[in-house]
Every structure is written in C-alpha cells, then in structure tokens.
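Understanding the architecture of this molecule
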Amino acid sequence: GAGVSQSPSNKVTEKGKDVELRCDPISGHTALYWYRQRLGQGLEFLIYFQGNSAPDKSGLPSDRFSAERTGESVSTLTIQRTQQEDSAVYLCASSPADRNYGYTFGSGTRLTVV
Amino acid sequence: AQSVTQLGSHVSVSEGALVLLRCNYSSSVPPYLFWYVQYPNQGLQLLLKYTSAATLVKGINGFEAEFKKSETSFHLTKPSAHMSDAAEYFCALNQAGTALIFGKGTTLSVSS
C-alpha cells in the first residue's frame, strides 16, 4: 500500500483480556518496528523485524507481550492479560533494508485498558 | 550505549520568530540522525536526516539541522515560525543493526 496501515485505530479493553494489534507495512519494506508511546512520553522501542533474521525482542517489557511477522508482510503485536499500564499508543513503522531512508510510521493504535 | 537527549520538553515562540530545538546524542560509532514531527493524533513524519554526507541538512517545511561532531549535537532550526509548526518534535539516532532510539520529544507552541 501507499503507507503503513495499523488496525484498529482505537481499542478499549477490560483489564485481563488479550488484545491483538495489526500492522501492514509498505510493500517491499524488509524492516518492521513496533514502538509504544505513553501519554506525554517519548517512543519506547518494543521489537524489530528485519527480513528473515531473528527479531530483536530486547524492548518487550514483559512476557505478556509478543509479536509475529509473516515473511516481509503483516505483523501482529499481542498483549496478553492486559494491565492498565499497557494503555498507550502503539506505533508501527517500516523501512527498506538501507537505513539511509528512515522509517515510515503508521497512525498508531490507541489502546485503553479499563 | 547510545542515547539521545532533547533539551527542553516545551518550547514557545512567537509567529515569525526563530525556532531552535536542541538535540544531543551519545554514540560509540558515527550515527545516523533524524528529526521527526508528530501532529496531534497522527503518526510521526520524517523532517530530515543526517547520514554522514553534508553536515547541514535541509528538510521539509523550511527546517534544517546541523550535525556537529565536536559538540555531539544535531539541533533543529527554522528561521521563521508559523502557526502550523506547532507539534511535537523528536530527535532520533540509528546505528547499524539496531532500531531507532528516540529522545523524549519537545513540544513546540507558536503564538500569534
């Protein structure tokens, strides 16, 4: 597609429920990133996929968080047993393999845990 | 370890005044540096980037930034602020094989 698409744009869930957030990167972009942005905070790195290499999961805050990516296409970020502190905007970005280009970000998924 | 520090979480300027948003970095190897802008309820948009070519980089909407290795800085400037520049600005650093590391952001307010 023309840009990075994220769905849903908004999600309200009850504490303890599982949620799945989806990201469709730009076609041909081999790298895909997930970040979390809490209210009034900067961007917190979560996970990074590059082609068929093992993902860099070093930013995942707990084992309740996981992400998958099929080849160089769609990625899903899953949060199990959601907590109120998980409330944030989850941003996905993609880029070509050449890091000269910078990232293209989606508009994010605003997650509210009540 | 690499890091990015943005000095000043809020900057306020008058319309037509100079905009200066400060960014300092720490990196063990020559980094690539980026500035992104985020308008309310939107994703981040790339303003400009430094990738080891010219040290003075021009971006969109009249913004520019200068890479100064001796000062480990990459400050963002615009000669004359416009109301539409009000947004949050993020400085970011990239090393090979890692994801972008972002500063905490600076909110720019522009008054008439």
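The structure contained in this document is the topic of the report that follows.

Cut-offs applied
Residues numbered from 1 in each chain as written. Chains lettered and ligands numbered in written order. Predicted model: local features only at pLDDT ≥ 70, side-chain atom pairs only at ≥ 80, totals over all residues. Heavy atoms only, no water. Salt bridge = Lys/Arg side-chain N within 4 Å of Asp/Glu carboxyl O. Helix = DSSP H or I, 4+ residues; strand = E, 2+ residues; numbered from the N terminus. Buried < 20%, exposed > 50% of the residue type's maximum accessible area, 1.4 Å probe, protein only. 1 Å grid on protein atoms, 1.4 Å probe; cavity = no way out; pocket = protein on both sides within 12 Å on 5 of 7 lines; lining within 4 Å. Points joined across faces, edges and corners; volume = space filled by probe spheres on them. Nonpolar A, V, L, I, M, F, W, Y, C, P; charged D, E, K, R; others polar. Pairing = 2+ DSSP bridges. Axes fitted to C-alpha atoms, helices over the stretch in contact; angles between N-to-C directions.

With that out of the way, let us pick up the pattern of salt bridges. Residue and element names in this part refer to chain A. What the rule picks out here adds up to five salt bridges over all chains. A salt bridge links R64 to D86, with the nearest nitrogen and oxygen atoms 2.8 Å apart. Of this pair, R64 sits in the loop between β5 (43-50) and β6 (65-69) while D86 sits in the loop between β7 (75-79) and β8 (88-95), and the two are 22 residues apart along the sequence. The same class applies to R64 as to D86, namely buried.

If you add up the space inside the largest pocket, you get close to 470 Å³. In this structure, the largest pocket is lined by 25 residues; those nearest its centre are A:Q37, A:V89, A:R110, B:Q38 and B:N41. For the lining of the largest pocket, the secondary-structure elements that each account for two or more residues are β8 and β10 (109-113) of chain A together with β9 (87-94) of chain B. The element best represented in the lining of the largest pocket is β10(A), accounting for four residues. Of the residues belonging to the lining of the largest pocket, the class tally is eight nonpolar, 14 polar and three charged. A volume near 150 Å³ is recorded for the second largest pocket. Lining the second largest pocket, in full, are A:R36, A:R38, A:Q41, A:G42, A:L43, A:E44, B:F102, B:G103 and B:K104. Taken together, the residues that form the lining of the second largest pocket break down as two nonpolar, three polar and four charged.

Our next topic: the sheet that holds β7(A). Residues and elements named next belong to chain A. Pairing in this open sheet of four strands is antiparallel, and the strands run β1-β3-β7-β6 from one edge to the other. Each having just a single partner strand, β1 (5-7) and β6 make up the two edges of the open sheet. Put simply, the sheet's adjacent strands are angled 15° from each other on average, direction ignored. Alignment of β6 against β7, held across five bridges, turns out to be antiparallel. From the neighbouring strand, R69 faces β7, where its bridge partner is S75.

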